[in-house]
Amino acid sequence: MNENSEIGEMRERIDEIDDELIRLWRERAGLSQDIGAKRIAAGGTRLVLSREEVVLRRFRAGLGTEGVKLALLLLQAGRGPL
């Protein structure tokens, strides 16, 4: 296998991973929006800060500072801007 075909295969795999990340992003955002709607319908608040803190800690532990940035984007996608 030459270098160009190897690079091409790696790029194809990156594209597959990106497609899966997009699918998971959409699924996660939808679930989060559904939870928020159910919480509001039950008389609760739109968001729960303690839950957001758990998510931020998990992403920080797994990915460091960049993980926090990703977690903030995910949280915003699910609940909308504050």
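The name given to the protein chain in an unreviewed UniProt entry is Chorismate mutase, and the organism recorded there is Actinoplanes italicus.

This part takes up a nonpolar patch on the surface. Together, Trp25, Leu63, Leu70 and Leu73 give the surface a local cluster of nonpolar side chains, amounting to about 360 Å² of exposed area. Relative to the elements of secondary structure, Leu73 occurs in helix 3 (residues 65–79).

Our focus in this paragraph is the environment of Pro81. The topology assignment puts Pro81 in the segment after helix 3. The exposed category is assigned to Pro81, whose relative accessible area is 58%. Not counting the four nearest positions on each side in its chain, Pro81 is found in contact with Arg46 and Gln76.

A word on the nonpolar core. Listed in full, the seven residues of the largest apolar core are Val55, Leu56, Phe59, Val68, Ala71, Leu74 and Leu75. Breaking this core down by element, the ones donating at least two residues are helix 2 (49–63) and helix 3. Considering every element that reaches this core, the biggest residue donor is helix 3, with four residues. In this structure, Val55 is in contact with Arg28, Ala71 and Leu75, ignoring residues within four places of it in sequence.

Reading the values: rules and limits
- Residues numbered from 1 in each chain as written.
- Predicted model: local features only at pLDDT ≥ 70, side-chain atom pairs only at ≥ 80, totals over all residues.
- Heavy atoms only, no water.
- Patch = residues over 30% accessible without salt bridge, like charges linked within 9 Å, V, L, I, M, F, W, Y side chains within 5 Å.
- Areas by Shrake-Rupley, 256 points an atom, 1.4 Å probe, with all protein chains shown as cover.
- Salt bridge = Lys/Arg side-chain N within 4 Å of Asp/Glu carboxyl O.
- Helix = DSSP H or I, 4+ residues; strand = E, 2+ residues; numbered from the N terminus.
- Buried < 20%, exposed > 50% of the residue type's maximum accessible area, 1.4 Å probe, protein only.
- Contact = heavy atoms within 4.5 Å.
- Core = buried A, V, L, I, M, F, W, Y, C linked by side-chain atoms within 4.5 Å.

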